[in-house]
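Residue strings, one per chain:
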Amino acid sequence: SFGKNGIIAESDYAKNTEVATIVTDKSDRVLIGVNSFFNQKSEVFISRLHKNGRIDSSFASQGSLRLPLEGLPILNIRKLFIDQDQSIILTGLARSASYVLKLTPNGKIDSSFAENGFYKLDVGDRSDYSYGLHVENNGKILVCGNSQISTEVWDVFTLRLNPSGHPDTTFGVNGIKKFGLADGW
């Protein structure tokens, strides 16, 4: 059975929290991405549960990864995705920028991905916000979101990264396809 009467209640998070994303892996383990804001500090927790609802202590540090870590500015998680190799891809925000981060299946930063494990989106002239994430069967990563062009004008974008975490230059312009008002939106 899962948890206690089918319910898991964790008390390790601050009062102002939100579960932002949840996925399962091939072993039916549950990955949960939680945003927390407490005492003017934003943090992200990524936790993994066994299929019975108990914390998987083999993941990250005793079952949870806490961000931001040194050099990794993610303060708000948007989406998690588990690829065919069971690596964990996530997208998140830090102030007015978005990032894609790759973790190994055991919850450690995959430093071979992009620059030391994360890719900073650089779509528009101002702020970029990622909202969607998908990993294709070939390992390429799709990220979609909004990019601020001016005070009141935003583009919608789709970015495609190669499995290495670098832009797929065969997609759009330098890996980015923008859709804006000029395109009939």
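Here's a quick rundown of the structure. Numbering of residues begins from 1 in every chain and follows the order in which that chain's sequence is written. This being a predicted model, a pLDDT of at least 70 is required before a residue's local features are given, and a value of 80 or more before pairs of side-chain atoms are given or counted; all residues contribute to the totals for chains, interfaces and linings. Excluding hydrogens and water, the side-chain values take into account all heavy atoms of the structure.

### A look at the overall build of the chain
No. 1: Of regular secondary structure, the chain possesses zero helices and 12 strands.
No. 2: The rule is simple: take the accessible area with a 1.4 Å probe, protein chains only, and divide by the maximum for that residue type; under 20% is buried, over 50% is exposed, in between is partly exposed. A burial count over the chain gives 44% of its 185 residues as buried.
No. 3: Note on definitions: a residue-residue contact is assigned when non-hydrogen atoms from the two residues lie within 4.5 Å. Pairs at least 24 residues apart make up 37% of the contacts formed inside the chain by residues separated by at least 6 positions.
No. 4: As presented, the chain carries roughly 10,100 Å² of accessible surface, and 48% of it is formed by carbon and sulfur atoms. Put simply, DSSP H or I for four residues or longer makes a helix, DSSP E for two residues or longer makes a strand, and each gets a number counted from the N terminus. Computed with the Shrake-Rupley method and a 1.4 Å probe, the accessible areas treat only the protein chains shown as cover for residues.

### Description of the pairing of strand β10 (residues 141–150)
No. 1: Two strands are said to pair when DSSP picks up at least two bridges between them. Bridge count between strand β9 (residues 128–135) and β10: seven bridges; the pairing is antiparallel. Residue pairing across strands places Ser 130 opposite Gly 145, the latter belonging to β10.
No. 2: In this antiparallel pair of consecutive strands, β9 and β10, the connection spans five residues, and Gly 139 shows a positive phi of 90°.
No. 3: Judged from the nine bridges that link them, β10 and strand β11 (residues 153–161) form a sheet pairing that is antiparallel. Bridge assignment links Val 143 to a residue of β11, and that residue is Leu 159.

### A short note on the sheet that holds strand β4 (residues 64–67)
No. 1: Spatial ordering of the open sheet is given by β1-β2-β3-β4, a layout of four strands whose pairing is antiparallel. In this open sheet, the two edge strands, each paired with only one partner strand, are β1 (16–24) and β4. Looking at each pair of strands side by side, their axes are set apart by 15° on average, direction ignored.
No. 2: Here eight bridges tie β1 to strand β2 (residues 30–38), and the two strands are oriented antiparallel to one another. Where helices are involved, their axes are fitted lines through C-alpha atoms of the stretch in contact, as for all axes, and angles between N-to-C directions lie from 0 to 180°.

### Thoughts on the pattern of salt bridges
No. 1: Throughout this description, the term salt bridge denotes a Lys or Arg side-chain nitrogen within 4 Å of a carboxyl oxygen of Asp or Glu. Scanning all chains against the criterion turns up eight salt bridges.
No. 2: Two residues, Asp 25 and Arg 29, come together in a salt bridge whose shortest N-O distance is 2.7 Å.
No. 3: The residue Arg 48 makes a salt bridge to Asp 56 at a minimum N-O spacing of 2.8 Å.
No. 4: Judged by its relative accessible area of 2%, Asp 56 is buried.

### A closer look at the sheet that holds strand β8 (residues 118–120)
No. 1: Ordered in space as β5-β6-β7-β8, the four strands form an open sheet in which the pairing is antiparallel. Strand pairing shows two members of the sheet lacking a second neighbour, β5 (76–82) and β8, which therefore form its edges. Taken over all neighbouring pairs, the strand axes of this sheet differ in orientation by 20° on average, direction set aside.
No. 2: In this sheet, β8 lies alongside strand β7 (residues 97–103) in antiparallel orientation, the contact comprising three bridges. Bridge assignment links Tyr 99 to a residue of β8, and that residue is Lys 120.

### Structural notes on the side chain of Ser 87
No. 1: Structurally, Ser 87 is set in the loop between β5 and β6 (88–94).
No. 2: Once residues lying within four places of it in the same chain are set aside, the contact partners of Ser 87 are Phe 81, Ile 82, Lys 102, Leu 103, Thr 104 and Pro 105.

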